[in-house]
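# Chain and residue survey
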Amino acid sequence: MSEPIFQSYQFGASEKAQLDSDGHFVFPSLLTESAREKLIESLSKVNALDQNLDPIPQRYSAEYDEFLASVIAHPQMLELARSVLGPDVRYDHCVDLSRAGSSPAMGWHTHAYSDDNPELGFIRIFFYVNGFNSGDGSLRAVPGSHLFRQNMRNNSDDGLRAEYLDDKTHPQTGDPLEIEELHAPPGTVIVMWTHALHAVAPRRPESPTRWAVVYAFRNPGSPSHARWVTPHFESNPPTGAEGLMSLY
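Counting starts from 1 at the beginning of each chain's written sequence and moves along it residue by residue. Restriction of local features to residues with pLDDT of at least 70 applies here, the model being predicted, together with a cutoff of 80 or more for giving and counting side-chain atom pairs; totals for whole chains, interfaces and linings are based on all residues. Note that water and hydrogens are dropped before the side-chain values are worked out from all heavy atoms of the structure.

Labels follow the DSSP assignment, with helices taken as runs of H or I lasting at least four residues and strands as runs of E lasting at least two, numbered in each case from the N terminus. Looking at the element boundaries, Tyr215 is found in strand S10 (residues 212-218). Since its relative accessible area comes to 0%, Tyr215 is described here as buried. Each C-alpha atom, one on Tyr215 and one on Cys94, is 4.6 Å from the other, the two residues being 121 residues apart in sequence. By definition in these notes, contact holds between two residues if any of their heavy atoms fall within 4.5 Å. Contact partners of Tyr215, with chain neighbours within four places excluded, come to Leu68, Val71, Ile72, Met77, Tyr91, His93, Cys94, Ile123, Arg124, Ile125 and Phe127. At 2.7 Å, the side chain of Tyr215 and the backbone oxygen of Leu68 are in polar contact. Any residue under 20% of the maximum accessible area for its type is buried, any over 50% is exposed, and the rest in between are partly exposed; the area is computed with a 1.4 Å probe on protein chains only. Polar contact criterion, stated in full: a pair of N or O atoms within 3.5 Å, where within protein one must be able to donate a hydrogen and the other to accept it, and residues adjacent in sequence count only if both atoms are side-chain atoms.

This is how it looks when you write it as structure tokens:
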């Protein structure tokens, strides 16, 4: 697919340093209008499927839609992934994260990968197709939490502070760890290291569906418990994704 999915953007040494310090980096309004339209069409299709199918459409979204699959090896997508992880990357999963009005909150959590070897990285690239406002299906984060490479979970802000944050400071800056409320205008892309603490605010009842999807990439070399790739998809990858599907 040669049509751009991203607007022009800058991600140089200073931006990479910010990602490595905060654990996430926000590209406001990065998706093109055409990509947004196609993503909404594709995610609407995946949402309409019976979620009891095997494999589960939400978790294996790219395997149910040609456009979602084509994004995996889109040159701009691979350029972004490799600018963070380096040249040797693997596709890990594509998950539909769309949330209708009244969707509940998702508690604080991290994801594990190669916890004892920081040389191996794992990132999630979130597409927020129609964006979100703070407190309305929004992504929340704790800058610096990824540097601990620990499994942390809690269902409330107060519980997270009491159990994890109150006795921790940022390993690089020495600042206290604090919760950050993110804002994303339509078309925003957010890159996040997998060990970063994050949560999702509830979607307001009057709000329309927040269309969103996440693509995950990693350096090979460690087992990935988040990897959702069927044997058929691994053996029959989208055009350009040859070499990206295997675990190692």
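Turning our eyes to something else, we now look at the pairing of strand S4 (residues 122-128). In terms of residue burial, S4 counts as a mostly covered element, since seven of its seven residues are buried. Alternating positions in S4 separate into two faces, Phe122, Arg124, Phe126 and Tyr128 on one and Ile123, Ile125 and Phe127 on the other, with burial throughout. Where S4 lies against S10, seven bridges are found, and the strand directions are antiparallel. Following the sheet pairing, Phe122 is matched in S10 by Arg218. If DSSP finds at least two bridges between two strands, the strands pair. Sheet analysis places S4 next to strand S8 (residues 188-193), joined by six bridges and oriented antiparallel. Residue pairing across strands places Ile125 opposite Val191, the latter belonging to S8.

Glancing now at the side chain of Ser42. Along the chain, Ser42 falls in helix H2 (residues 33-48). Sequence-distant contacts of Ser42, defined by excluding residues within four places in its chain, comprise Asp65, Phe67 and Leu68.

The five strands lie next to each other as S1-S8-S4-S10-S2, forming an open sheet whose pairing is antiparallel. Each edge of the sheet is formed by a strand with only one pairing partner; in this case those strands are strand S1 (24-27) and strand S2 (90-96). Going across the sheet, the axis of each strand differs from the next one's by a mean of 15 degrees, ignoring polarity. Inter-axis angles, ranging from 0 to 180 degrees, are taken between N-to-C directions of lines fitted to C-alpha atoms, where helices are fitted over the stretch in contact. Against the sheet, helix H1 (residues 13-22) touches S1 and S8, its axis set at about 130 degrees to S1.

Attention now goes to unusual backbone geometry. Only a minority of non-glycine residues have a phi that is not negative, and only a minority of peptide bonds are not trans. Here the bond from Asp54 into Pro55 is cis, since omega is 5 degrees, no more than 30 degrees from zero. Relative to the assigned elements, Pro55 resides in the loop between H2 and helix H3 (66-72). Phi is positive for Ser114, which is not a glycine, with a value near 45 degrees. Even without being a glycine, Arg149 presents a positive backbone phi close to 50 degrees. Relative to the helices and strands, Arg149 resides in the loop between strand S5 (139-141) and strand S6 (153-154).

Considering the arrangement of structural elements, one finds Gly121 in the loop between strand S3 (106-109) and S4. For Gly121, a relative accessible area of 8% translates into the label buried. Spatially, the C-alpha atoms of Gly121 and Leu165 are 23 Å apart, while their sequence positions differ by 44 residues.

Within 6.5 Å between ring centres, the rings of Phe, Tyr and Trp (the latter by its six-membered ring) count as paired, and their orientation is classed by plane angle as stacked under 30 degrees, edge-to-face over 60, tilted in between. Considering all chains together, one arrives at 13 aromatic pairs under this definition. Judged by centre distance (6.0 Å) and plane angle (80 degrees), the rings of Phe6 and Phe127 are edge-to-face. Of the two residues, Phe6 sits in the segment before H1 while Phe127 sits in strand S4, which places them 121 residues apart along the sequence. In this structure, Phe6 and Phe127 share a single accessibility class: buried. Each ring, one from Tyr9 and one from Phe27, has its centre 5.2 Å from the other, and the planes form 80 degrees; the classification is edge-to-face. Of this pair, Tyr9 sits in the segment before H1 while Phe27 sits in strand S1; the two residues are 18 residues apart in sequence, bridging distant segments of the chain. Tyr9 gets classed as partly exposed once you look at its relative accessible area, which sits at 29%. In this structure an aromatic cluster arises from ring pairing among Phe6, Tyr9, Phe11, Phe25, Phe27, Phe127 and Tyr215.

This part is about the pairing of S8. Here S8 lies mainly inside the structure; six of its six residues are buried. A two-sided burial pattern is seen for S8, the buried positions comprising Thr188, Ile190 and Met192 on one face and Val189, Val191 and Trp193 on the other. Examined bridge by bridge, S1 and S8 share four bridges and lie antiparallel to one another. Looking across to S8, one finds that Phe25 is bridged to Val191.

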